[in-house]
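Commentary on secondary and tertiary structure
One letter stands for each residue in the lines below.
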Amino acid sequence: MELVIDRITKQFKNKIAVDHVSLKLKEGVYGLLGANGAGKTTLMRMMCGLMVPDSGTIALDGISMEEEQYRDVLGYLPQDFGYYPDFTALEFLMYMASLKGIPKIRAKEKTAMLLEQVNLKDVAKKKIKTYSGGMKQRLGIAQALLNNPNLLVLDEPTAGLDPKERVKFRNMISELGKDRIVLLSTHIVSDVEYIADYIMVMKKGTIIHKGAREDILKSIDGKVWECVVPEKTALDLERKFPVINIRNEKEGIFLRLVCEHMPYETASICTASLEDLYLYYFSDEISEGEGQP
Amino acid sequence: MNLSDNRKIVKLVKESYEPLVPKNKPDFLKKAEYPKLSFKEFFIGQIQYIRLRTWLVSILLFVSALFIIELSSFYNMNVSAIKAASAFVPFFVLAAVAETARSKQYGMKELEMTCRFSFGTLLLVKMILLGILNLLLLSGCSIFLRFQTDIKLFRIGIYLLVPFLLTCNLTLILASLFKSREITYFCGFVCGIVSVSCLFTDALVIDIYSAKYDVYWLLSVGVLMLVLVQKIVQIIKNSGGILWNLSLTG
């Protein structure tokens, strides 16, 4: 199984959302990291046939994303999915199953199995409008799995889930990634860190880094520092470098930051994490975002 | 051996042997190939997903239309009966529009677009099902009018088809122009205008429901029908493309 994305581009007026992105994905879990507006959702929407690329192609085992055979093996969870409020979870899943071309008897079995898997069995006959955010999200995950997809695209799947649900979901995704392509985007770096076999970092419409977690972290190896500094120096360092962690200590202010060279004479180098990498590449965009009302 | 003996044997076998507990059923189900829904099965299956509210509103409108026709013909006013029925027709369309615009209204379109049966196919199925319902209601009104007036059934049908097709066209134009979730309200406004216009048409053109204008009525039906077909094809193409192909109908 192979998903080939070949030089796809999408432009909205003056902004290039996705810029000549090429990828080859095989079975496994892929995490897509990027700040808001990096082009993650546009890329995912094109992969699901919701948007037509301005140029380039997307094909799964040679089947173009415009064809119905492609949609037949696709599972998609949008960032913010709608639902008919008068539907119960059971009705919703049966409706989605009918659109996915699953026969009624098979749909009933699959629906019952998935409702149990996402822990909604007891509330299956309650209207979706009475569900909490996390319950709706779990229902969204269940509908994406109805047709046992070969390609599973999940846009911010853990949003709204409580920590216990997130752990359960991570395990479920890891299991699913064994024999299919799972692509998930999230702002929650730790989710990607735990679940994804491969990580792709997207910035301004292009993939700036891709690879296994360890490989990708090599790009900031030797650039993550920890130090305890006086308050005035802390403010100065905060202005200059992306700060990952900051806390008050007896001796001064503790800082963990990403920097090309030693930022302070007592600073010690430490092992880089994915969160460090994220902050290193997106610190400019995070600062811009914080400045906005 | 008769049927009763057969049942007894089955019962005895069931009692004598302990059935095996299925092993790895979920894994088996996951990997097992199964025949997909045919287009015919999908089409029939969608009937249950049309809201009960839509059926009830349509029936209520139909009954109200019959009541008004009856009331108009009681005073022996043929034209009034036709006008009253025509004024109701746009609202049959409105009930159907509210149903087809549901995906947009509740944000389900994104999910529906990624399924095996394309969004275009789903839209087409809904339009056909609701179109059949509307045509049944129109036929019912026409037959009822035939008994209440001395106008021939064919002419009644034409008189009612014009406001029906006009409303269908206008609402489809609105649906293609406006992407907002409030599209049903815009369509409601248009239906209201067509409905009120039906009440005053004969004031603008005297004897409009007489035989001398029948050519124009017929011509209007033809033109509106052509525009409608063209509009439907355009909407389906724009909403995810493929109608269906032979592999789906198999």
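Computed from a predicted model, the values in this text were never measured in an experiment.

On to the overall build of chain A. Along chain A, the regular secondary structure elements total 10 helices and 14 strands. Oriented by its inertia axes, the alpha-carbon framework of chain A measures out at about 70 × 45 × 35 Å. Taken over 293 residues, chain A has a buried fraction of 44%. Considering only intrachain contacts with a sequence separation of at least 6, the fraction spanning at least 24 residues in chain A is 67%.

Residue and element names in this part refer to chain A. The phi dihedral of arginine 7 is positive, around 45°, even though this residue is not glycine. For arginine 7, the position within the fold is in strand S1 (residues 3-12). Taking the C-beta count within 10 Å as the criterion, arginine 7 has 12 such neighbours and is therefore assigned exposed. Phi at aspartate 61 takes a positive value of approximately 50°, unusual for a residue other than glycine. In this fold, aspartate 61 is placed in the loop between strand S4 (55-60) and strand S5 (63-64). By the C-beta count within 10 Å, which is 13 here, aspartate 61 ends up partly exposed.

Once that is clear, we can look at the interface of chain A and chain B. Taken together, the contacts link 28 residues of chain A with 27 residues of chain B. Elements represented by at least two residues in the side of chain A that touches chain B include exactly helix H2 (68-72), strand S6 (74-77), helix H3 (89-99) and helix H4 (104-117) of chain A. Its residues placed into classes, the side of chain A that touches chain B shows 15 nonpolar, 6 polar and 7 charged.

Core analysis: the largest hydrophobic core is formed by 146 residues, its most contacted members being Tyr30, Leu93, Val153, Val182 and Met200 of chain A together with Ala85 and Leu160 of chain B. With 15 residues, the single largest contributor to this core is helix H5 (residues 78-100) of chain B. Not counting residues up to four positions away in its chain, the partners in contact with leucine 160 of chain B are Ala85, Ser86, Val89, Leu138, Cys141 and Ser142 of chain B.

Attention now moves to the domain arrangement of chain A. All names here are of chain A. Each domain of chain A was delimited in the assignment, giving domain 1 (3-213) and domain 2 (219-291). Facing 11 residues of domain 1, the contacting portion of domain 2 comprises 9 residues. Contributions of two or more residues to the side of domain 1 that touches domain 2 are made by helix H7 (189-195), strand S9 (198-203) and strand S10 (206-212). At 3 residues, H7 tops the list of elements feeding residues into the side of domain 1 that touches domain 2.

Before going further, it helps to spend a moment on H5 of chain B. With 23 residues, H5 of chain B ought to run about 33 Å at 1.5 Å a step, and its terminal C-alpha atoms sit 34 Å apart, in line with that. Within H5 of chain B, 20 of the 23 residues are buried, leaving the element largely enclosed by the surrounding structure.

Glancing now at the UniProt feature "domain: ABC transporter" (unreviewed entry) in chain A. The UniProt record marks residues 3-229 of chain A with the feature "domain: ABC transporter" (unreviewed entry), using the residue numbering of this structure. Taken end to end, residues 3-229 of chain A is 34% helix and 30% strand, and its two terminal C-alpha atoms sit 49 Å from one another.

All names here are of chain A. The sheet built from 6 strands is open, its strands ordered S6-S7-S8-S3-S9-S10 with mixed pairing. Taken across any chain shown, the strands that pair with only one partner, and hence form the sheet edges, are S6 and S10. Across this sheet, the average inter-strand angle for adjacent strands is 15°, counted without regard to direction. Contacts from helix H5 (residues 133-145) reach S6 and strand S7 (151-155), with the element oriented near 170° to S6. Against the sheet, helix H6 (residues 163-176) touches strand S3 (28-33), S7 and strand S8 (181-185), its axis set at about 145° to S8.

This brings us to the pairing of S3 of chain A. All names here are of chain A. In terms of residue burial, S3 counts as a mostly covered element, since 5 of its 6 residues are buried. As paired strands, S3 and S9 are joined by 4 bridges and run parallel to one another. The residue of S9 that forms the bridge with leucine 32 is methionine 200.

Here we take up the sheet that holds S4 of chain A. Residues and elements named next belong to chain A. Strands sit in the order S2-S1-S4-S5 across an open sheet of 4 strands; the sheet is antiparallel. Either end of the sheet is taken by a strand with one partner, and the two such strands are strand S2 (15-25) and S5. Contacts from helix H1 (residues 40-47) reach S1, S2 and S4, with the element oriented near 60° to S2.

Two strands pair when backbone bridges link them, and strand S12 (residues 243-249) of chain A and strand S13 (residues 252-258) of chain A are joined in this way by 6 bridges, in the antiparallel orientation. When the sheet's bridge partners are listed, valine 243 of chain A is paired in S13 of chain A with leucine 257 of chain A.

Criteria and cut-off values
Residues numbered from 1 in each chain as written. Chains lettered and ligands numbered in written order. Predicted model: local features only at pLDDT ≥ 70, side-chain atom pairs only at ≥ 80, totals over all residues. Helix = DSSP H or I, 4+ residues; strand = E, 2+ residues; numbered from the N terminus. Buried ≥ 20, exposed ≤ 12 C-beta atoms within 10 Å, placed from the backbone. Contact = placed C-beta atoms within 7 Å. Nonpolar A, V, L, I, M, F, W, Y, C, P; charged D, E, K, R; others polar. Core = buried A, V, L, I, M, F, W, Y, C linked by C-beta atoms within 7 Å. Domains from an automatic or database assignment. Expected span 1.5 Å × (residues − 1). UniProt positions renumbered as here; feature names shortened; annotations may be inferred. Pairing = 2+ DSSP bridges. Axes fitted to C-alpha atoms, helices over the stretch in contact; angles between N-to-C directions.

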